[in-house]
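Here's the letter readout for the chains.
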Amino acid sequence: MGKKLALLVLRLLMNLLLISWISLWIIKPTILWIQSWRQAEDTFKHTFFGYYGLSFAVFSLPPIALCIIGLIYLSFLPQHHRLTRGGRSAAITVSRLAIINSFIGIVSCFEIIAVILFLVFLAWTFYVRVNYDLKKLMPLKTMNLYLWQLKYFRVATRFGLLAEVCLSLLLFPVLRGLSMFRLLNIQFAASVKYHVWLGTGLVFFSLVHGGSTLFIWSISHHIEEEIWKWQRTGRVYVAGVISLVTGLLMWITSLPQIRRKCFETFYYTHHLYIVFLVSFLFHAGDRHFYWILPGVFLFGLDKTLRIVQSRSESCVISARLYSCKAVELVLPKDPRLNYLPSSFIFVNIPSISQFQWHPFSITSSSSVDKHTMSVMMKCEGKWTDSVYKKVEEAAISDTKINNITIRVEGPYGPTSVDFLRYDTLFLVAGGIGITPFLSILQELACENRLKSPKTVQLVFSVRTFQDINMLVPVSPILFHPIHNLNLKIKVFVTQEKKHSNGPTTLKEYLAQSQVQTIHFGTDEDFSRFQILGHESFRRLATLVLIAVLTFLGLLIGLSHFFIPNEQRKKHSNSMKLAASGAMTTAKEKVPSWVPDLVIIVAYVIAMTIGGLAAIILQWRRLHRETLRMTKDEVNPQGSNFTELTSIAPIEEHVIHIGERPKFKEILLEFERNLRGWSSIGVLVCGPESMKEDVASICRQRFQCFGVDDSRTIHNKVNLNFHSLNFSL
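Residues numbered from 1 in each chain as written. Predicted model: local features only at pLDDT ≥ 70, side-chain atom pairs only at ≥ 80, totals over all residues. Heavy atoms only, no water.

**Some points on the overall build of the chain**
Looking only at helices and strands, one finds 22 helices and 16 strands in the chain. Classification of the 728 residues of the chain by burial places 54% in the buried group. For the chain, the share of sequence-separated contacts (at least 6 apart) that also reach a separation of at least 24 residues comes to 82%. Accessible surface computed for the chain: about 34,000 Å², of which carbon and sulfur atoms make up 61%. (Helix = DSSP H or I, 4+ residues; strand = E, 2+ residues; numbered from the N terminus. Buried < 20%, exposed > 50% of the residue type's maximum accessible area, 1.4 Å probe, protein only. Contact = heavy atoms within 4.5 Å. Areas by Shrake-Rupley, 256 points an atom, 1.4 Å probe, with all protein chains shown as cover.)

**A look at the environment of Gln-700**
Examined against the element boundaries, Gln-700 turns out to sit in helix 22 (residues 688–700). In the structure, Gln-700 is positioned 603 residues away from Leu-97 in sequence and 9.4 Å away in space, judged by C-alpha atoms.

**Regarding the sheet that holds strand 10 (residues 424–430)**
Strand order in the open sheet formed by six strands is 14-12-11-10-15-16, with parallel pairing between adjacent strands. The sheet terminates laterally at strand 14 (654–657) and strand 16 (717–723), the two strands that pair on one side only. Strand after strand, the sheet turns through a mean of 15 degrees between neighbouring axes, direction not considered. Pairing between strand 11 (residues 455–462) and strand 12 (residues 486–493): eight bridges, direction parallel. Bridge pairing in strand 12 places Phe-460 opposite Val-491. Relative to the sheet, helix 21 (residues 663–672) contacts strand 10, strand 11, strand 12, strand 15 (678–685) and strand 16, its axis offset from that of strand 10 by approximately 155 degrees. (Pairing = 2+ DSSP bridges. Axes fitted to C-alpha atoms, helices over the stretch in contact; angles between N-to-C directions.)

**Things to note about the packing of helix 5 (residues 147–170) against helix 12 (residues 286–310)**
Put simply, helix 5 and helix 12 touch, their axes get as near as 7 Å, and they point 30 degrees apart. When the interaxial angle is binned, helix 5 and helix 12 end up roughly parallel. Within the contact between the two elements, helix 5 uses Leu-161, Glu-164, Leu-167 and Ser-168 and helix 12 uses His-288, Trp-291 and Ile-292. (Parallel < 35°, antiparallel > 145°, perpendicular 65-115°, else oblique.)

**Examining the nonpolar core**
Among the nonpolar cores identified, the biggest contains 88 residues, and Phe-56, Leu-178, Phe-297, Leu-298 and Phe-551 are the most heavily contacted of them. At 13 residues, helix 3 (residues 50–76) tops the list of elements feeding residues into this core. Apart from the residues lying within four places of it in its own chain, the contact partners of Leu-298 are Pro-63, Ile-64, Cys-67, Phe-172, Leu-175, Leu-178, Met-180 and Val-544. Counting residues in each nonpolar core, the second largest holds 46 residues, with Val-417, Tyr-422, Ala-429 and Leu-478 among its members. (Core = buried A, V, L, I, M, F, W, Y, C linked by side-chain atoms within 4.5 Å.)

**Section: the packing of aromatic side chains**
Per the counting criterion, the structure on display carries 29 aromatic pairs. The interplanar angle of 70 degrees and the centroid separation of 5.8 Å between the aromatic rings of Phe-297 and Phe-551 together place this pair among those described as edge-to-face. Placement of the pair is Phe-297 in helix 12 and Phe-551 in helix 17 (residues 537–562), with a sequence separation of 254 residues. With respect to burial, Phe-297 and Phe-551 carry one shared label: buried. Taken together, the ring pairs connect Trp-21, Trp-25, Trp-33, Trp-37, Phe-59, Phe-121, Phe-172 and Trp-291 into an aromatic cluster. Directly above the ring of Phe-346 sits Arg-176, whose terminal nitrogen or CZ lies 3.8 Å from the centroid. (Phe/Tyr/Trp six-rings, centres within 6.5 Å; stacked < 30°, edge-to-face > 60°. Lys NZ or Arg CZ within 6 Å of the ring centre and 35° of its normal.)

**Some details on the sheet that holds strand 8 (residues 372–378)**
Taken in spatial order, the four strands of this open sheet run 8-5-4-13, and their pairing is antiparallel. Whereas interior strands pair on both sides, the edge strands pair on one side only; in this sheet they are strand 8 and strand 13 (515–519). For this sheet, the mean inter-axis angle between neighbouring strands, taken without regard to orientation, is 15 degrees. Here strand 4 (residues 318–322) runs beside strand 13; their pairing, made up of five bridges, is antiparallel. Bridge pairing links Tyr-322 to Val-515 in strand 13.

**What about the environment of Trp-217?**
Position of Trp-217 relative to the elements: it lies in helix 6 (residues 188–219). On the basis of relative accessibility, which here comes to 3%, the residue Trp-217 falls in the buried class. On a C-alpha basis, the gap between Trp-217 and Phe-153 in space is 9.2 Å, while along the polypeptide they are 64 residues apart.

**Thoughts on the confidence of the model for the chain**
Mean pLDDT over the chain works out to 80, with 81% of the residues at or above the 70 mark. Overall, residues 576–588 carries pLDDT values under 50, and its contacts beyond four positions in sequence, including any with other chains, amount to 12 contacts. Note on residues 636–650: pLDDT under 50 across the span, and 30 contacts to partners over four residues away in sequence or across chains. (pLDDT = per-residue confidence, 0-100.)

**Quick notes on the packing of helix 3 against helix 12**
Here helix 3 crosses helix 12 at 30 degrees, and the two axes come no closer than 9 Å. Taken together, helix 3 and helix 12 sit at an angle that is classed as roughly parallel. You can see that helix 3 and helix 12 cross each other, and the crossing is right-handed. Judged by residue contacts, Tyr-51, Tyr-52, Ser-55, Phe-56, Phe-59, Ser-60, Pro-63, Ile-64 and Cys-67 of helix 3 engage Asp-286, Arg-287, Tyr-290, Trp-291, Leu-293, Pro-294, Phe-297 and Leu-298 from helix 12. For the contact of helix 3 with helix 12, a count of residues per class yields 13 nonpolar, two polar and two charged. (Left-handed = near helix turned anticlockwise from the far one by under 90°. Nonpolar A, V, L, I, M, F, W, Y, C, P; charged D, E, K, R; others polar.)

**As for helix 21**
Those residues of helix 21 that fall on the buried side of the exposure criterion are Phe-663, Ile-666, Leu-667, Phe-670 and Glu-671. The buried residues of helix 21 occupy an angular sector of 135 degrees when the element is viewed end-on, so they sit on one face. In helix 21, the exposed positions angled more than 90 degrees off the buried face are occupied by Glu-665 and Arg-672. Buried-residue contacts for helix 21 involve strand 10, strand 11, strand 12, strand 15, helix 22 and strand 16. (Arc of directions from axis to C-beta.)

**A word on the pattern of salt bridges**
As enumerated under the stated definition, the model contains 16 salt bridges in all. The shortest N-O distance in the salt bridge between Lys-28 and Glu-164 comes to 2.9 Å. With Lys-28 in the loop between helix 1 (2–27) and helix 2 (31–44) and Glu-164 in helix 5, this residue pair connects regions lying 136 residues apart in the sequence. Judged by relative accessible area, Lys-28 falls into the buried class, the value being 14%. Of the charged contacts in the structure, one is a salt bridge between Glu-111 and Lys-193, with a shortest N-O distance of 2.9 Å. Taken together, the positions of Glu-111 in helix 4 (residues 109–135) and Lys-193 in helix 6 put the pair 82 residues apart, joining distant regions of the chain. (Salt bridge = Lys/Arg side-chain N within 4 Å of Asp/Glu carboxyl O.)

**Regarding a nonpolar patch on the surface**
Side chains of Leu-5, Leu-8, Val-9, Leu-12, Leu-13 and Leu-16 sit close together on the surface and give an oily, nonpolar patch of about 540 Å² of accessible area. Mapping Leu-16 onto the fold places it in helix 1. (Patch = residues over 30% accessible without salt bridge, like charges linked within 9 Å, V, L, I, M, F, W, Y side chains within 5 Å.)

**Things to note about unusual backbone geometry**
In the segment running from Gly-410 into Pro-411, the intervening peptide bond is cis, with an omega of 5 degrees. Positive phi values are uncommon outside glycine, yet Lys-325 reaches one of about 60 degrees. By the element assignment, Lys-325 lies in the loop between strand 4 and strand 5 (326–332). Here the phi dihedral of Ser-342 falls at roughly 75 degrees; this positive angle occurs in a residue that is not glycine. As for its position among the elements, Ser-342 is in the loop between strand 5 and strand 6 (344–348). Taking relative accessible area as the criterion, Ser-342 reaches 13% and is therefore assigned buried.

**So, the pairing of strand 9 (residues 405–412)**
The element strand 9 is largely enclosed, with a buried count of seven among its eight residues. Relative to strand 9, strand 3 (residues 313–315) runs antiparallel, the two being bridged by three bridges. Opposite Glu-313, over in strand 9, you have Arg-407 as the bridge partner. Here strand 6 runs beside strand 9; their pairing, made up of four bridges, is antiparallel. In the sheet register, Val-347 faces strand 9, and the bridge partner there is Val-408.

And the structure:
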């Protein structure tokens, strides 16, 4: 009872903080807010808290506090939090598919509603500020502009506010350990697209803002003078140009056409975000930066914690080389580290590259393998090809290779066993997209799974016969009856024809599969290389609290030391005048770079303190919590599956050669074999075209808001589409 009450209170606090922060953004452009904020500044400017502490507490603290409370909330949830069973009520939901397009991908109704509300907010902000500017229009003394040029200049300036809104939300979707999207059970791989949308909006509004400003300066013959002017207060325009150029460069290199072919270019160019954010701070000033500080603060701390975790080196215990040029790596982990199916980790192998990190789905189940975790990668790129060659060299080498050093970040994944809520599962995998389903199948087949789907259909589409080998890790499940689990598999080989003397069944194909296993090390104590995972939710909340208190204390202290009270008063007044378009003499203004540097110094020290605290916690885990592991434990002889030994072997699975899967026909056949009404979880992992085909079938059954289509109301099934990304 006490735990439920605590969860209720925490949920109410999170909703209150979220509503408060959204309300601040809505009233921010109004005259009412401007006047109220000036009164608040006058009240606090002579106190110890000061203007800077007030700005941080009002503008930046609510989302950070939401993150802290959210982490505490997650710590109270059961480790394998499960959702309720799907039913007819599950059809009435705004998460139904609405748009399926090759350009923008698969978009749900919930996402459309969120985008519409966001666009309405942008329109509201733009209209209120432009309307106020045009009413209070004052000519610029430094430039002789026509009336239309002056109006256009003011409108272009306000496009910068729209870019600021996008930037304030830009970094939230790419948080990993501190992600707030997990409160909505949205995984990192799914939330990345929101980062892409916001980044595109940011670049568009920034281009309009910067391009229009440069255009006005050029026709007034002041472009060189204005760009290189380093104003004591207000805008540092050269910093704005730097921010625009770096942002545009990051956006161009992140386009799919470039990212997929030149991943290293995309990866290294994206680290220009440091230059971008610092330039934005010097260009916009501290008053605007406090609005985007929550995302920057949490992202910086999240990055720091990830660096601390990735400092610990692990090793590859064993590896499997598949004839389809895929490799599976088995890594040691702490037996107490649990993760859910469809989780993933980021992997770095220093001997290949010191800086590149790549995400891979975990193919093992922590319910089955207590001491190890496995990942599988298809070696089609430069980095993965290097991994394959390294393992291959170890296999053919005459000298025994002790280990391959590896660094791991994660695991990251869902907070609930979402797929267990369905009566039936329909799984669709394309190529290496089989990896998350390997983990799901092992989870379903392990012991003590009383409340799980009873019927599972897997459709696996591959190009060649050799690709079928990727089913080897779950072969015990495929060919030995599992208690209370009816599993059927349809394999489609699309680019090869049947061999006259070759195998004809899936069991024969897997029996003849060319899979080579390589063991590394001898009698090492693998406990020194255990993957511990990230810190617990409560420890993460503590680290965030330490960092935010450090930042706030330094912000207030450094402001009092470097900006005397009289100067703070003048700075506050000058910022108000600058916001209204009025100009004052430079002698009356405090240099804008002083409070900007205060923010940077406080930020760097806060991140350092947070990182040191994380190092101390990690050291304690390594020296006090690590359990000794033997070689037999990390190389178990069997799996923890529930088997019925008295039942004859199950019927053979089906292989289709030289044809592509017709998902609509397969799904209809699958539905006809079901008895009564059923809630079907449709999980897809593969190429985008495959996801779109399956999503289109699911959308045909329902309208946007989940109301059953009258033409299909006789069907006693409820299709629930889920996309699992196997690449970022």
